[in-house]
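# Architecture at a glance
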Amino acid sequence: MKTVQVSRRSVLKAAGIAGAAAVMGINLGSTNSALAAADAKKGIMSKDNWHYGHCRMCMRGTCPNMYRVENGVAVEVMGNPKTPTSKGALCAKGQSIIQNLYNPYRVKAPMKRTNPKKGLQEDPQWVEISWDEALNTTAGVLKEIREKDPRRFMYSVGFGDMDFFCTFLFYFAGAYGTPNYVKSNGTLCVLHYASDLVQGVFPGVKPDATYAKYILAMGMNLGMGIASSDGGVRGLLNRIYNEKDIKIVCVDPHCGPDASKMEWVPVKPGGELAFLMGVANSIIFEVKKMDVDFLKWKTNAPYLIASDGYYARGKDGKPQIYDLKDKKVKSFDDKTLSDPDIYAENIKVNGEKTKAGFVLVKEGLKKNTPEWAAKISGIPASKIREVARDFIENASIGESIEMVNGKGEKLLMPKRTSVCEGKRGIKNMRDGVPADLMTKLLNMLVGSLDVPGGMLGTQRGPFLKPDEDGVVAPKGEARFKKPVYPPQHVNLSEYFPHKHTLPTLAFRVAADPHKYGLNYEIDALLSVGSNPIASTTEPYMVADSVAKIPFSATVAYHYDEMAHMADILLPSHALLEKESVNSYEGAFDVYTKETISTRVMMYRDPMPPLYNTKQPQDIIIELCERIGMIDDFNANINKTGVILGEVTFAKLDPKDYLQPGKRYTIAEIWDKGVKAYFNRPLDDMKKEGIIVQQMAPADAYNSSFFKKGETRHPIYFERLKRSGDELRKFFTEYKDKIYLPDFDMEDQLQYYEPVIKWRPKDLTEVKKGNKYDMISINWKAPTSPMRIAGNDQLPYLNEVSETFDPTYGKICLNTKTAAEKGIKEGDTIWVESANGKVSGQVHVTELIFPDVVGFAGALGRLVDSLGKKASSYPMYNKLTNAKISTCCAVAIGVSNSVPVRIYKA
Amino acid sequence: MKLAMIIDRRRCYACHGCAVACKVANATPPGTFWTKTITEEVGSFPKAHMEYRPLICNHCDKAPCVEVCPTGASKKMEDGTVQITTSECVGCQLCMEACPYGARYFNEKDTPTYWSEVGKQDIFEQARYKDHPAGTVDKCTFCAPRRSKGLPPACVATCAGVARTFGDLDDPNSEISKMFKQYKPKPLYPEKGTSPRVFYID
């Protein structure tokens, strides 16, 4: 049995629990924790009453809450009813936050490992130590490495200790000087590239259900599947049941709550891109109605393309457009341009025949008929045609709406009301980015980007701007970063300029860096809220790699897999003990009437800590001081700004800069940020909980800031081709040096193309008679959508889910498939892929595509130190892999569906 | 006063926020769900979907639980709710058998805990489980303690889909009265003759 040693006096007394819990050892030798806990208890007694906070029981953290303390105990929680977005709602996760606090599997004091052997099956033999020892040991190792070669330090972060995305964490990596900042969250985030390329926005885009009449939702939920309570679902339900003026079609292999309210169109996993191409084909060649004005003036559809696939450029070096009005070829920004021709062909530029980009798009889609798409997607051609027709008929092409902007001006804006969005169900595949780009293409056909009723970015305001070619300038993951050999990053970022994160690869490389061309080794790992073992893929390989790193420390909330492998545990507060800020600036699911123009800044007034734990940011800042890098840390914040939310950066006035030589608390840093951004001190937020701001209606739409022709969205993806060609040159030049297993350059780079083509992939080759004759899928469970906040170990959530969600912790099979395989409800089966196998109980259902194996939620553990329940569920991630040859070829996200077979256990 | 609840099933998406909100607000022990949401699978592939049925004590006007209670612990109150005086409950569980909605739960343990592997109550449980003494039956009170502070029932306040509306049907200006008039919601199992005060919009 694994033991967890904590001080009886420090921990149990502070908790008011008499006697030691069964799994805990006893160590009476330490007094530091006891003193700290006694201090904390004094604080607790002064905190009786209601306090403002915000949730972070999922990765969004955007629902303001309130909690009540009585005699030092958190006894009640509820949503903050004053919030205009969530209006006091909380989902089951949010309601379970008190169990997050009183979770007995928390790390309650600093610990050191006494068993030098590391492994998932090894008992760490924890011994409680003082904070001084824990911090000095960690800082000592990190300081030595920093002086020797900062690259030898790997800094792994994740959702666990972020109160919103990224928070303070990257400041530390930047200040330290290591390139090896590795996010374990985001393995499935193949959403950033296409939104950045086409709309210049991070992190992504969402439908504007304020006006949209038709939403084509691909492989995703619109908020119900994740049990969102931030207001989007409420608005959507109003549209569906009160106003009854919206149609929503969910294309997905599995029917979740969203599809149940709307229309479910079951699709064979892997066939989603083919379906989208079939819809585009039907629109262009059969329906023959599009927003031609948008294509002419708001996209690069009329840009003339040379035979090499690049923009044909005039003598001034600018992309050229054929003007139908005077039959002349002109630069894209020529003031006399009157009627750009999107159908131009055989137009000579520099003596060479060219075609408009849209002609190439059209030619590319010619063979992708609904009948062709039906064979691959399993969706009947008639349904594909119906979707194409409905998409156009509901798009309101030609309509406009008057709105007032922040300057008080009335603007007449285009209103387009059909949108298509895809999420991880279509993006986490080999052709994930192409599929995402195809959703953008559909929206461009009806002009529904950044307009009322269309697809809007999470960032608001004039975030978008044109590049030198007049096309949207990407700002993040769609920017091309020149590849470099030898690589410096342990995650080989130099080879994958459009990658979001692939932590599994980083740990594979860390285990054998020289083989991969790195001229250094990894000597230390600091993990903050990350769990690359359980939360990504190939968990055993990652665990083995972590075990090989000579020193690892974990800022740990609970005894999860990463804590289990650490040398030092730096215990972090539970959510209610963490002071925090977060800013809701944009929707995660859909924009609605009550959320479209709203910004909510929220604050969590912390409970005094129950145990000898610390605020995770302050642990990092303390390490900075002990390493001797506080000046670098402060300078990094001065340079970047204080991050207050996922897309909310407060740039500091130089007079408010953090001073060198001074250690600030995170609260002091936030105070500076909140003052700079909201002109209010942090103390005000303790009293009020939230700051609400409303923007002018037109300002919520990026297009209001640009006149036609000023910024064009790419419908011909020239930049993607350019990336591919640059990468081809690079990989060819270094082909004898680069070691990259499972990488086939031509196979990889064929996806870097300006016009999306269909290519079969492993999923589309799955058929009866194959060794792997089924396809696995995974979707978000409302009570455990991601591995955060201990969702999968909290009894409230497990109990309500096991009792009332028939899919929770189960393996779902279609009724017909189960009958064919001789499997019944409740049978225990193995699901096996080329990468691993998991077992679990079967749930037979009509709500899943035949020959598909479905898993709900982010469940399953490899250690039992979070309780037996958490480790009893099947862990889906064992089935997938991080091979470059199966990841999305552009964004390098893990393919989340794999060929599998099943058999009775 | 005629306190009642309308549940719009169309707006429920089974986030289970109501069930857990109730557990926290009323500190009910493991296994007890004063409110809960049942998922029903409807149709067959590819025309299948889920429907949800939130359940809660119906605070019936002709409450069979009140009728069978041998000690008078279960009572119909002036505000129209059905309440149990715990000190008068002898734990015979006749009311549980009589309730057609499965709304009542028996408190079996002296010191129930959700952390059964650890074997000790956490301090929330220590502080709040006293309201559910072993050997008694309890059920939804329409959040009487919260109402006394001017708050709506926890399941209503936390519902992100705004599927639940609570109020006084005797007040013609209340939101629930207006909804009742507009939607003509139906009770569950009307054939049982219990005259429930919980109504559903399907």
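Criteria and cut-off values
All residue numbers refer to position in the chain's written sequence, counted from 1. In the order they appear in the text, chains get letters beginning with A and ligands get numbers beginning with 1. Where totals are concerned, whole chains, interfaces and linings use all residues; where local detail is concerned, this predicted model gives features only for residues with pLDDT of at least 70, and gives and counts side-chain atom pairs only at 80 or more. Strands are runs of DSSP state E lasting at least two residues, helices are runs of H or I lasting at least four, and both sets are numbered from the N terminus onward. Residues with at least 20 neighbouring C-beta atoms inside 10 Å of their own are called buried, those with 12 or fewer are called exposed, and the rest are partly exposed, where every C-beta is derived from the backbone. The contact rule is simple: place each C-beta atom from the backbone, and if two of them lie within 7 Å, those residues are in contact. Each pair of strands is called paired provided DSSP finds at least two bridges between the two strands. Angles here are taken between N-to-C directions and fall from 0 to 180 degrees, while the axes themselves are lines fitted to C-alpha atoms, restricted in helices to the stretch in contact. Following the grouping adopted for this structure description, the nonpolar residues are Ala, Val, Leu, Ile, Met, Phe, Trp, Tyr, Cys and Pro, the charged ones are Asp, Glu, Lys and Arg, and the polar ones are all others, Gly among them. In this document the domain limits rely on a domain assignment from an automatic tool or a database.

On to the overall build of chain A. A count of helices and strands for chain A gives 28 helices and 36 strands. The dimensions of chain A, computed from C-alpha atoms along their principal axes, are 90 × 70 × 65 Å. Per-residue burial over chain A gives 63% buried out of 905 residues. For chain A, the proportion of contacts with a sequence separation of at least 24, taken over those separated by at least 6, is 74%.

So, about the sheet that holds strand E27 (residues 598–604) of chain A. Residues and elements named next belong to chain A. A sheet is described by the order of its strands in space; here 3 strands give the open sequence E26-E27-E30, paired in antiparallel fashion. With partners counted over all chains shown, the strands left at the sheet margins are strand E26 (580–584) and strand E30 (690–694), one partner each. Taking each pair of neighbouring strands and ignoring which way they run, the sheet shows an average axis angle of 10 degrees. Judged from the 5 bridges that link them, E26 and E27 form a sheet pairing that is antiparallel. Across the sheet, residue Ser 583 finds its bridge partner in E27, namely Met 601.

Residues and elements named next belong to chain A. Taken in spatial order, the 7 strands make up an open sheet running E7-E6-E25-E24-E23-E8-E9, and their pairing is mixed. One side of each edge strand has no neighbouring strand; the edge strands of this open sheet are strand E7 (126–128) and strand E9 (181–183). Ignoring strand direction, the axes of neighbouring strands in this sheet form an average angle of 20 degrees. Sheet topology places strand E6 (residues 111–113) next to strand E25 (residues 568–571); 2 bridges connect them, and they run antiparallel. Bridging from a neighbouring strand, Lys 112 pairs with Ile 568 of E25.

Bringing unusual backbone geometry into the picture now. Note that the residue after Tyr 485 of chain A, namely Pro 486 of chain A, is joined by a cis bond; omega there is -5 degrees. For Pro 486 of chain A, the location among the structural elements is in the loop between strand E22 (455–457) and helix H17 (503–511). A cis amide bond links Phe 45 of chain B with the next residue in sequence, Pro 46 of chain B, at an omega value of 0 degrees. Residue Asp 851 of chain A is not a glycine yet carries a positive backbone phi of 65 degrees. Note that Asp 851 of chain A resides in the loop between strand E34 (837–845) and strand E35 (852–856). Classification of Asp 851 of chain A by C-beta neighbours within 10 Å gives buried; the count is 21. Non-glycine residue His 16 of chain B carries a positive phi angle of around 65 degrees. For His 16 of chain B, the position within the fold is in the loop between strand E1 (3–8) and helix H1 (17–26). Residue His 16 of chain B is classed as buried on the basis of its C-beta count, with 30 C-beta atoms lying within 10 Å.

Next up on the list: the interface of chain A and chain B. Counting from both sides, the interface comprises 56 residues of chain A and, opposite them, 45 residues of chain B. A per-class count over the side of chain A that touches chain B returns 35 nonpolar, 13 polar and 8 charged.

Further remarks concern the domain arrangement of chain A. Residues and elements named next belong to chain A. Looking at chain A, the domain boundaries give domain 1 (1–183 + 463–584 + 606–688), domain 2 (192–460 + 707–717) and domain 3 (766–904). Between the C-alpha centres of domain 1 and domain 3 there is a distance of 29 Å. Looking at the side of domain 1 that touches domain 3, its residues break down into 17 nonpolar, 14 polar and 7 charged.

Its location among the elements puts Pro 474 of chain A in the loop between E22 and H17. Aside from chain neighbours lying at most four places away, what touches Pro 474 of chain A is Asp 196, Leu 197, Gly 200 and Arg 479 of chain A.

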